[in-house]
Each structure stands twice: as C-alpha cells, then as structure tokens.
Amino acid sequence: MALRIMDFINDFANVIALYLRTAQKFATLVEKQRSSTQLRACPASAACLFLLSITGIATAAAPIHISDSDALRIGRKIWQNECNGTISGLTSWNAGEDFASLGIGHFIWYPKGMRGPFEESFPKFLEFAHERNVTVPVWLNQATACPWNSRSEFSRAQNSAPMRELRQFLAHTVNLQAQFMIARLQESLAKMLNEAAPGERANVERQFMRVASTAHGCYALADYVNFKGEGVLHTERYHGEGWGLLQVLEQMHGTESGAGASREFANSAAAVLRRRVQNSPPERHEARWLPGWLNRVRSYNGIS
C-alpha cells in the first residue's frame, strides 16, 4: 500500500513539475504574483502546495525578467561595487585563492585539475551567453578550463592578447552579466526555501517577490547574494546566526511594494550585517569592514 502511494506521489510530482515548467515560460515580472488567499482558493494550487510540502520540494516562483536598459544600470552598479567600475577589475585573481575572478560579479574560473569549495560560475556565464547567441572570443569557446594555472601566471599575462580580449568581452557584456546574475536568483530562492523553517517559507518567498518586483529591487537582491551569499550554509554562521540573503528576508514582514520594499530590504541587510560583526570572533576585527558594508547596502534604496 505504501509503495502504491509513493508511486502516485511520484507520478503526480512529475505532472506538477511539467505544469510549473510550462507556466514559467509565460510568466513575466509584471504579472502580479497570486496572493496566498488566491492560492488557497484554487484546488489545483492547493494540491500542488500539499504535494510540495510533503515531498520537501520548494515552490517555484515566476521567473524574473528585466529589460536590457535596466540590466545595464544594474550591471554598472554591481561593477562599481565589486571592481570600482574599472576595466582592469574585470579580470582579477585574489591573493591566497586558486581561481580567477572574472566579470562584474567576480565569476569563478578554476584552472585545469583544480577544484575548491566554491561554485565555478564563469563557465555557466559562457553557456548563458551562447544560449543568447552572443559572440564569444574564439579562444574562450575552445577553453575547457582557465588557461592560467596560478596567480603569478595570471599576473604576468595581464597585457597578453587573450587577456585584453577577455577584458573587452567582459566590458561589452555588462548587461548580459547582470541578466545572468538575475537568472541565478531563481536558483537562490529555491535553495533558501529548502533551508528555511517550514513556517517561514511563505514569508521568505513573499518578501523575495516584493523586492524583485522592481529593477532596483532586483539589483539589491543580486548584489547582496553575490556580496554575502544565500545564507544556506551552516558553516557561514556565528553563534548559529547567518548573514546571507535568507537571513535578510526572514527579518522582513512588510507588505508595501516598490520603493518601500527596497527600503525595508536595505534596513534589514544593515541590521543583519551589524549582527554579524557583533557575533564575530574578536580576532577577526570585522568592525573595520562595517562602514563599507553599510554604505553598500544603503545603495539598495535605489539606483543612481
């Protein structure tokens, strides 16, 4: 009997997954998100939520779409935050790290045979570019790994033809990189919903969608998750309290959309970062970073 029930659940889950994938193709950011009341009133939605809750699968929010002009504005702001808006900052390799950090979001690219605890994101960005028929330098198309094997090699190659071509490609695709970062927010939401306590998941998703309803809200979400992570790793906690996007959203309970949502997000992010510094080991002296962090999250009130 138990096996038959599980077979039914699996079959039903496959149908629901197909339905969600199809629905996402037609959803846009400007379409108003259904309220929890509307979901409870819809038998099919109620069944979906019941099935997803008993199988532990996070709900799938509507895809986030932004215009090319908004993507460029968002990208330039993130570029300023991460690279001081410089061309040279688009290709960096930080001391003590085993990978290159490329683009406005410092996308990670490992040399051949090298892997680490961080997700490699630059190859995914190249795949994203290919899917949108963006011209990529020939040598990048042929590269299966970062061609520079160490930070010293990377530094010596700063004036080489491939490096100059790489910087030019990154400087000309700022809007595409921003679109890539916005698209990855969808994956972040699913991870956060799976990590959040069951009673908090509806609020986390609601707050995420509130902030994501505007272009500057999308900037705030994309920049913060790139800046301080999703908040789902238990290794990224002080005294059991994290400082990622999940923790920022969990502290929000407002209902106002637009600029009000961004203001609340900025205030919540500042509070989370202050708490991180208070909880941090004294020997790390994290207080020295707090003014810069707070200045960064103040930009979430809007895009200049």
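Residues numbered from 1 in each chain as written. Predicted model: local features only at pLDDT ≥ 70, side-chain atom pairs only at ≥ 80, totals over all residues. Heavy atoms only, no water.

**Student:** It is not clear to me how the sheet that holds strand β2 (residues 100-102) should be interpreted in this structure. Could you clarify?
**Tutor:** By definition, the strands of a sheet pair up through backbone hydrogen bonds, in either a parallel or an antiparallel sense. Spatially, the 3 strands line up as an open sheet ordered β1-β2-β3, and their pairing is antiparallel. The outermost strands of the open sheet, each flanked by one partner alone, are β1 (91-92) and β3 (107-109). Where β1 and β2 come together, 2 bridges link them in antiparallel fashion. Residue pairing across strands places Ser92 opposite Ser101, the latter belonging to β2. (Pairing = 2+ DSSP bridges. Helix = DSSP H or I, 4+ residues; strand = E, 2+ residues; numbered from the N terminus.)

**Student:** Please explain the packing of helix α10 (residues 201-211) against helix α13 (residues 259-279) as it appears in this structure.
**Tutor:** Axes are the key here: two packed helices are described by the angle between their axes and the distance separating the axes. Between α10 and α13, whose axes approach to 8 Å, the crossing angle comes to 120 degrees. On the basis of their axis angle, the class for α10 and α13 is oblique. Touching Gln207, Arg210 and Val211 of α10 are Gly260, Ala261, Glu264 and Phe265, all from α13. Of the residues that constitute the contact of α10 with α13, the class distribution is 3 nonpolar, 2 polar and 2 charged. (Axes fitted to C-alpha atoms, helices over the stretch in contact; angles between N-to-C directions. Parallel < 35°, antiparallel > 145°, perpendicular 65-115°, else oblique. Contact = heavy atoms within 4.5 Å. Nonpolar A, V, L, I, M, F, W, Y, C, P; charged D, E, K, R; others polar.)

**Student:** Honestly, the nonpolar core in this entry has me stumped. Any pointers?
**Tutor:** Soluble globular proteins: nonpolar side chains tend toward being buried together. Counting residues in each nonpolar core, the largest one holds 75 residues, and the members touching the most others are Phe122, Phe208, Tyr224 and Phe265. Among the elements that line this core, the one with the most residues is helix α9 (residues 174-195), at 10 residues. If we ignore the near neighbours within four places in the chain, the residues touching Tyr224 are Gly229, Trp243, Gly244, Leu245, Val248, Phe265, Ala269, Val272, Leu273, Val297 and Tyr300. (Core = buried A, V, L, I, M, F, W, Y, C linked by side-chain atoms within 4.5 Å. Buried < 20%, exposed > 50% of the residue type's maximum accessible area, 1.4 Å probe, protein only.)

**Student:** Could you clarify how one ought to interpret the pattern of salt bridges in this entry?
**Tutor:** Oppositely charged side chains may form a pair once their charged atoms are brought near each other. All told, the structure shown has 14 salt bridges when counted by the stated rule. Between Glu230 and Lys191 there is a salt bridge; the shortest N-O distance is 3.6 Å. Within this pair, whereas Glu230 is found in the loop between α11 (215-228) and α12 (245-250), its partner Lys191 is found in helix α9, the two being separated by 39 residues in sequence. One network of salt bridges, with partners in common, ties together Glu82, Asp223 and Arg296. (Salt bridge = Lys/Arg side-chain N within 4 Å of Asp/Glu carboxyl O.)

**Student:** Honestly, the confidence of the model for the protein in this entry has me stumped. Any pointers?
**Tutor:** Caution applies to low-pLDDT parts of the model: their predicted coordinates are not meant to be read in detail. The predicted model of the protein averages 83 in pLDDT, with 79% of residues at 70 or higher. Note that pLDDT drops below 50 for residues 1-59; the model gives that stretch 43 contacts with residues more than four away or on any other chain. (pLDDT = per-residue confidence, 0-100.)

**Student:** What should I look at first to understand unusual backbone geometry in this one?
**Tutor:** The phi torsion of most residues other than glycine is negative, and most of the peptide bonds are trans. Even without a glycine there, the phi angle at His106 is positive, about 50 degrees. Of note, Asn133 is a non-glycine position whose phi angle comes to about 60 degrees, a positive value. Of note, Asn133 is situated in the loop between α5 (122-131) and α6 (138-142). Under the relative-accessibility criterion, Asn133 is labelled exposed at 71%.

**Student:** Before we go on, may I ask you to explain α5 in this structure?
**Tutor:** Spacing of three or four residues puts side chains on the same side of an α-helix, whose turn is 3.6 residues. Among all positions of α5, only Phe122, Phe125, Leu126, Phe128 and Ala129 are buried. One side of α5 holds all its buried residues, which, seen down the axis, span an arc of 155 degrees. Packing partners of the buried residues in α5 comprise β2, β3, α6, α8 (161-171) and α9. The first or second residue beyond α5 is Asn133, which carries a positive phi of 60 degrees. (Arc of directions from axis to C-beta.)

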